[in-house]
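# Report on the structure
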Amino acid sequence: MSELTDQLEAAGQQRLAASVQALSGEVQNRLAMQCAALDLPLVTRLVQTMVRDRQPDAQHGEIRPAVVDRLADHPDGRAEARAVGEQALRDNRVAVVLLAGGQGTRLGFDAPKGMFPIGPVTMHSLFAIHAAGVGATRRDYGCDLPFWLMTSPGNDADTVAFFEKHAMFGLDPRTVGTFVQGTLPAVDPATGDILRAAPDQLALSPDGHGGIFRAMGHAAVLGDLEERGIDVIMTMQVDNPLMRPADPELIGAHLMAQAEMSTLVVAKTSPEERMGVMATVGGRTALVEYTDLPKQLEEARDADGGLTYWAGSTGVHCLDRSFAMRIASGQIDLPFHRAEKKVATVDDSDPQAPNAIKFEAFMFDALPLAARTATVEMARAERFAPVKNAEGPDSPDTCRAAMCARAGRWLAANGVTVPDGAVVEIDPRFAQDPADLHGRVPTDLVIDGPVYFPPPA
Ligand code: UTP
């Protein structure tokens, strides 16, 4: 115990050291175990540089529009990319990681976000839909396609139990894995002191989706992928059921560009849409968050009237495995961001005001660090309908409407008459693409109520 308190004191955390010393028995043990698990050198560096001795934020380099591979507009480019991606799948070069460690605060759902029932007809969960897409891709390309989920300490047990309860959604249990992302403590904005959520508990929260690199390194996921000869890791967010796991076009575009990291973008719907845009900043590919994009750039339009900064990031990326390994090993340093947040703490006086600084790393910060990147556009209505909020934009209602509209378009493209507003759900194991429906749905099908196309028996 005294070794631990010495370490805390040496790290400038006298207050926490005193709290540990003031406790006894089991309560003291629990707090001490959490303190011992901290990455103290990292926490000390963050507190020093981002709280106690904070320098003004570095200026952005000049922001310019991104160079985008507009696959959405080029059928030939799409076909070529698709062929390359399909071959990579058949050659077992691809793995999928689902980012599912977030807290889902805006949705306010009392369980991991992936358990949210989203299927417009079936109420299948987000997890079920993603797992079905993985299963369909394995079947169609005869590939292993390892499927990993990144969870966080607060939702890992529930996530694992949900997959087990649903018999891994039909996937072989040996081919689905979870790894838990790291956490970082919230600190006092004035003093940099580490905060406690309860007498025996630090105020810990997930270290951001950028934590994926360290977490994949710690859990030996990257080593496992290397042994299997996998060199493309596609990462996708749990809250977007329109995204196709291991999308062959995206993987093909990433490989054709010989990129270390690629980003899937879709057109923003309005200048004000709260979506990070892809740009070049100081000559490097980067994501500019909507809060950081100057108003005149947000509203800037090209000669054809379209938004100059239209390329909204979907948060879907392809990573070259060795690039991910260089970040995981610390050879390439990912920056951290500070956010002023309201955090429940043991000695909280004002339950409303932001009372803490949280530190988070973001995946997209790896983009400017990559030797080569690709920014790939696909049609928004085909690939992007996230569930972020309980109501309004990006909510379950808008997401289900987008799922039905896409299913309706795929059926219409195959000769079926689809009434406006039809409630239609296509299981990814039935079709992942309009072409998969070819010859499999009767053109005289009458849709006069909710319809679900289930996986083939
Ligand atoms: P968001 O930034 O939308 O966060 O995450 P969120 O936790 O889902 O929701 P809010 O902001 O609290 O309302 C985008 C994706 O990144 C994952 C999320 O699970 C989601 O798939 N994520 C986010 C992580 O895996 N870890 C994190 O620390 C943060």
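In this report, we go over the structure that sits alongside the text. (Residues numbered from 1 in each chain as written. Predicted model: local features only at pLDDT ≥ 70, side-chain atom pairs only at ≥ 80, totals over all residues. Heavy atoms only, no water.)

## Some words on the site of the ligand
Around the ligand lies a shell of 17 residues, among which L99, T105, R106, Q181 and K388 are the nearest. Measuring from an oxygen atom of the ligand, one finds a backbone N or O atom of L99 at 2.7 Å. Measuring from an oxygen atom of the ligand, one finds a backbone N or O atom of G104 at 2.9 Å. Protein chains bury 86% of the 570 Å² of accessible surface belonging to the ligand in isolation. In the shell around the ligand, the residues fall into five nonpolar, nine polar and three charged. (Near = heavy atom within 4 Å. Polar contact = N/O pair within 3.5 Å; in protein donor to acceptor, adjacent residues only side chain to side chain. Areas by Shrake-Rupley, 256 points an atom, 1.4 Å probe, with all protein chains shown as cover. Nonpolar A, V, L, I, M, F, W, Y, C, P; charged D, E, K, R; others polar.)

## Thoughts on the pattern of salt bridges
When their charged atoms lie close together, side chains carrying opposite charge are able to pair. Counting across every chain of the model gives 27 salt bridges. Across the pair R78 and E249 runs a salt bridge whose closest N-O atoms are separated by 3.2 Å. Highlighted residues: R78 in helix α5 (residues 75-90) and E249 in helix α10 (residues 248-256), separated in sequence by 171 residues. R78 sits in the partly exposed class, given a relative accessible area of 35%. Of the residues examined, E249 reaches a relative accessible area of 7% and is grouped as buried. Among the ionic pairs, R82 bridges to D433, the shortest N-O distance being 3.2 Å. Residue R82 is found in helix α5, and its partner D433 is found in the loop between β17 (424-426) and β18 (451-453); the two are separated by 351 residues along the sequence. On the basis of relative accessible area, D433 is assigned to the buried category, the value being 12%. Each of the salt bridges in this network shares a partner with another, and the network as a whole consists of R78, R82, E86, R90, R244, E249 and D433. (Salt bridge = Lys/Arg side-chain N within 4 Å of Asp/Glu carboxyl O. Helix = DSSP H or I, 4+ residues; strand = E, 2+ residues; numbered from the N terminus. Buried < 20%, exposed > 50% of the residue type's maximum accessible area, 1.4 Å probe, protein only.)

## Details of the layout of surface pockets
Counted as a void, the second largest pocket has a volume near 360 Å³. If you go around the second largest pocket, you meet 25 residues; those closest to its centre are I129, R406, I426, D427 and P428. Of all the elements in the fold, those that place two or more residues in the lining of the second largest pocket are α6 (126-141), α14 (396-412) and β17. For the lining of the second largest pocket, the element with the highest residue contribution is α6, accounting for five residues. For the lining of the second largest pocket, the residue count by class is 16 nonpolar, four polar and five charged. (1 Å grid on protein atoms, 1.4 Å probe; cavity = no way out; pocket = protein on both sides within 12 Å on 5 of 7 lines; lining within 4 Å. Points joined across faces, edges and corners; volume = space filled by probe spheres on them.)

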